[in-house]
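One-letter residues, chain by chain:
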Amino acid sequence: MSRIFALFALTFSLYAQDPAIEARVDALLKQMTVEEKVGQMTQVAVDVVTASGVGRTHKMDAAKLNDAIHKYQVGSILNVNGEAYTVEHWHEVINAIQDSAAKTRLKIPVIYGIDSVHGANYTHDAVLFPQSYGMAATFNPALAERAGVISAFQTRASGIPWNFFPVQDIGRNPVWPRMWESFGEDPLLASRMGAAYVKGMQGTDIGAADKVVACVKHFGGYSLPMNGKDRTPAWISERMLRQVVLPPYEAAVKAGALTAMANSSEINGIPGHANYHMLTGILKNEWGFKGFTCSDWEDIKRLHTRDRVAATPKEAVRMAVMAGIDMSMVPTDYSFYDLLLENVKDGSVPMSRIDDAVRRIMRVKFMLGLFERPKPDAKLIAQFHNPEFDKANLEAAREVITLLKNDAGTLPLKKGTRILVTGPTANMRSVMNSGWTITWQGDREDLYPTRKPTLVQALQELAGKENVTFVDGNTFDKSPAIEAAAKAAANVDVIIAALGEKAYCETPGNIDDLTLDHAQLMLVNALAKTGKPVVTVLIEGRPRVLRTIVPQSKAIVMGYLPGLEGGRAIAEVVFGLTNPSGKLPFTYPKSPNGFTTYDHKPLENTHDNPFWFEFEFGHGLSYTKFEYSNLTLSAPSIARGGKLDVAVDVKNTGQREGKESVLLFVSDLYRSVSPPNKELKDFAKVNLRAGESRTVRFSLTADDLKFVGLDDKWTVEPGDFKVRVAGLEKTFTLK
Ligand code: BGC
């Protein structure tokens with residue numbers, strides 16, 4: 001693991017201070033008026049400069065644009081108006097903005113920002129990758145890095161140099177409607193996946209024509225609302241914050257992420273946008289973050305209107321800027337500009353804070369090369385559709401799919417099997433992509449490209465139409481076609497029930513009950529009664545509680561939100577063209593109150609209070625069999641500065657080739673702060689042919705054994721530890 005951190009440190013140093021850039025920033029800052037500086041800290045939504053129309057009909061308003069750029073000298077514009085633009089329209093929009101900026105006194109280019117969270121999802125016909133929590137199931141950071149490269153390419157080809165991604169909020173509350181934007185419940189896995197995305201998006205030369213600046217969000221602790229609902233309070237102790245919540249953000253920052261977005265909610269009573277401890281204390285001072293922070297949508301205003309920590313809008317602006325926010329996503333007016341100017345003029349915000357914020361913003365603009373190349377690169381349009389991009393997407397989607405249950409080899413289905421397909425997610429693309437796709441909510445089925453198949457279309461393509469009967473009509477919460485489906489089952493060998501959730505994004509995705517809709521439970525109930533084997537496919541943005549479906553299904557396939565290649569990838573797993581290798585990046589709950597993570601505390605697994613789950617973190621079946629043996633440690637003990645080598649043999653003892661994610665867990669047996677059951681410390685993915693075996697090696701240092709101690713600081717305590725890989729374990733001592 002320490003090697004990884006060395007790599008982070010190296011990457012980070014590439015983004016640290018470049019004297020030439022610092023000199024340019026200094027020179028520019030000297031020329032800027034206070035108005036120009038405050039303008040640079042202001043970000044508005046594209047709606048503010050829009051005349052009319054959405055998507056293909058969108059038109060800019062020259063007078064409004066002139067106001068934004070010349071009257072308020074905004075530093076940034078964001079978002080899409082309504083729905084995805086074509087890459088050509090993006091060029092028109094960005095060209096108009098930068099042409100206008102080029103006519104300002106100092107010719108400072110605008111940095112345009114967008115949420116390309118699973119590909120350039122706001123550009124027409126872009127590659128749509130699996131959403132993050134599915135990507136995490138691959139346990140394959142190389143796939144995340146590649147997705148980052150392609151997302152960056154298509155975003156930058158659209159003329160946009162800044163991506164509000166990755167979401168490094170830890171996914172430990174499955175009720176939270178943004179669970180799917182996270183990389184799941186484990187800090188190490190989320191750290192590696194997020195860092196890989198940053199590397200892919202920013203590369204080693206952020207000034208290259210096809211790179212974008214990453215934005216780590218939502219810093220920090222946004223994902224742990226007590227009641228699971230988006231934008232409701234979290235209570236996170238300093239110990240838990242440092243142990244579990246902060247590491248993924250820190251990994252992305254250390255990987256070089258040049259911007260960070262604040263937590264839209266509050267922790268411990270402090271709104272994310274007023275949290276000096278987090279934004280300045282930890283991010284900027286402790287971690288040495290040299291990029292800039294931005295607010296989330298309208299959240300500075302909300303310090304006054306919603307959170308009631310600021311008595312006036314002006315005070316809200318002062319609070320946020322003094323807490324460490326460098327740029328305000330205002331975003332629908334210029335109030336921030338006016339109020340910040342007032343704050344500066346009456347001395348409430350010192351000029352030194354403004355200079356620090358503007359210095360950070362300018363640093364990123366210079367690093368991006370925006371001053372030299374503010375406009376979209378027309379050459380990139382020609383390479384926008386690259387078949388290699390689709391291939392990379394399909395490869396990722398294949399590794400995402402996770403086989404949760406497979407009684408008596410129900411899957412894969414044999415050639416010629418007659419299949420009934422039914423259920424609400426069988427024939428829709430929106431459900432496989434969900435939010436941040438073409439539109440914010442991702443639910444406009446009519447806007448999805450039809451070049452890639454839905455699940456039922458993909459099954460038909462692979463099995464032949466004559467073998468696939470489709471009974472449509474059941475929706476998520478209504479099941480008018482149950483009878484028709486059960487009747488159609490008489491003529492088939494197996495039933496595929498495609499269940500899950502409709503598309504949603506952010507707060508509109510709040511729910512009151514984690515249980516899957518009653519109508520879907522009833523559908524499987526009726527299908528199981530026919531006596532035909534039921535294969536349940538889950539296409540959902542969080543692990544909805546399955547109850548009776550689990551015993552009633554002979555096989556269960558978890559699709560997560562697999563993106564545009566999801567139909568194909570799932571169908572390949574169903575027919576055995578792909579051997580599934582995904583593993584759950586979270587613990588799948590068995591009951592709405594039962595969401596305990598794999599790294600639970602001892603008192604979450606007692607006689608009276610057993611660890612209660614449907615499928616555990618790391619669970620995922622294969623069509624072959626992997627056997628683990630010879631877990632060995634290089635020594636029985638490890639010194640503080642030492643290193644312990646761990647080796648384990650993995651053999652494919654089944655009949656076919658397969659990929660296996662090898663997970664290394666460590667348990668601290670006794671310590672001053674009650675230890676988790678076990679923690680993931682490293683992982684590696686191997687591909688093994690039938691009969692092939694491989695020795696997988698890891699190494700542990702004392703750094704891997706540290707925890708946040710009684711004084712809320714990282715510490716190591718000598719004692720006994722257990723290394724666990726699959727069913728094997730070995731004990732060692734830290735001296
Ligand atoms: C979301 C952010 C997003 C921003 C800009 C907010 O509502 O919380 O994740 O980056 O909007 O679209």
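Residues numbered from 1 in each chain as written. Predicted model: local features only at pLDDT ≥ 70, side-chain atom pairs only at ≥ 80, totals over all residues. Heavy atoms only, no water.

With respect to the packing of aromatic side chains
Our working rule: Planes of paired rings set the category: under 30 degrees apart is stacked, over 60 is edge-to-face and the rest tilted, where pairs are Phe, Tyr or Trp rings (Trp by its six-membered ring) whose centres lie within 6.5 Å. For helices the rule is a DSSP run of H or I covering at least 4 residues; for strands it is a run of E covering at least 2, with both sets numbered from the N terminus onward. Relative accessibility decides the category of a residue: with a 1.4 Å probe and only protein chains considered, values under 20% of the type maximum give buried, values over 50% give exposed, and everything between is partly exposed.
The tally for this structure, following the rule as stated, stands at 27 aromatic pairs. Measuring from ring centre to ring centre gives 6.4 Å for W180 and Y504, while their planes differ by 75°; the resulting arrangement is edge-to-face. In this pair, W180 is assigned in the loop between strand 6 (162-163) and helix 8 (187-202) and Y504 in the loop between strand 16 (494-500) and helix 20 (518-529), connecting sequence segments 324 residues apart. The residues W180 and Y504 share a single accessibility class, namely buried. Their ring planes at 45° and their centres at 6.3 Å tell us that F586 and Y588 sit as a pair that is tilted. According to the relative accessible area criterion, Y588 is buried, its value standing at 0%.

A short note on unusual backbone geometry
Note that the residue after F165, namely P166, is joined by a cis bond; omega there is 15°. Topologically, P166 is positioned in the loop between strand 6 and helix 8. Omega for the peptide link from L411 to P412 comes to -5°, which places this bond in the cis form. With respect to the helices and strands, the residue P412 is situated in the loop between strand 13 (402-406) and strand 14 (419-422). Non-glycine residue N268 carries a positive phi angle of around 50°. Of note, N268 is situated in the loop between strand 9 (266-267) and strand 10 (270-271). We classify N268 as partly exposed; its relative accessible area is 34%.

What to know about the domain arrangement of the chain
Our working rule: Reported domain spans reflect what an automatic or database domain assignment gives. Contacts were defined at the residue level, with two residues in contact if any of their heavy atoms lie within 4.5 Å. Simply put, the buried area is the total loss of 1.4 Å probe accessible area from both parts when two parts are fitted together. Put simply, a salt bridge is a Lys or Arg side-chain nitrogen that is within 4 Å of an Asp or Glu carboxyl oxygen. Following the grouping adopted for this structure description, the nonpolar residues are Ala, Val, Leu, Ile, Met, Phe, Trp, Tyr, Cys and Pro, the charged ones are Asp, Glu, Lys and Arg, and the polar ones are all others, Gly among them.
Segmenting the chain into domains produces domain 1 (8-378), domain 2 (388-615) and domain 3 (626-734). Between the C-alpha centres of domain 1 and domain 2 the distance comes to 34 Å. Counting from both sides, the interface comprises 46 residues of domain 1 and, opposite them, 53 residues of domain 2. Taken together, the two surfaces of domain 1 and domain 2 that pack against each other cover about 4,100 Å², and 59% of this comes from carbon and sulfur. Counting across the interface, domain 1 meets domain 2 through six salt bridges. The shortest N-O distance in the salt bridge between R444 and E83 comes to 3.9 Å. In the side of domain 1 that touches domain 2, the residues fall into 24 nonpolar, 10 polar and 12 charged.

Quick look at the layout of surface pockets
By rolling a water-sized probe across the atoms, one finds the places where empty space is left. The line we're drawing: Cavities and pockets were defined on a 1 Å grid built over protein atoms only: a cavity is a set of grid points that admits a 1.4 Å probe from which the probe cannot escape, a pocket is an open set flanked by protein on both sides within 12 Å along at least five of seven lines, and lining residues are those with an atom within 4 Å of any such point. Grid points are joined across faces, edges and corners, and a volume is the space filled by probe spheres set on the points.
When its volume is computed, the second largest pocket comes out at roughly 630 Å³. Put simply, the parts of the chain that give the lining of the second largest pocket at least two residues each are strand 19 (626-633), strand 22 (658-668), strand 27 (719-725) and strand 28 (728-734). Broken down by element, the residue count for the lining of the second largest pocket peaks at six residues, all from strand 22. Shared between two domains, the lining of the second largest pocket takes at least three residues from each, and those domains are domain 2 (388-615) and domain 3 (626-734).

Some points on the site of the ligand
We count it as follows: Put simply, a residue is near a molecule or strand once any heavy atom of it comes within 4 Å of that molecule or strand. N or O atoms closer than or at 3.5 Å make up a polar contact, with two conditions inside protein: a donor-capable atom paired with an acceptor-capable one, and, for residues adjacent in sequence, both atoms drawn from side chains. Calculation of accessible area relied on Shrake-Rupley with a 1.4 Å probe; when residues are assessed, cover is drawn exclusively from the protein chains displayed.
Near the ligand lie 13 residues; those nearest to it are D115, R178, H218, D296 and E506. In the environment of the ligand, an oxygen atom lies 2.9 Å from a nitrogen or oxygen atom belonging to the side chain of K217. Measuring from an oxygen atom of the ligand, one finds a side-chain N or O atom of R231 at 2.9 Å. Protein contact buries 95% of the 310 Å² of open area that the ligand shows by itself. In terms of residue class, the shell around the ligand is made up of six nonpolar, one polar and six charged.

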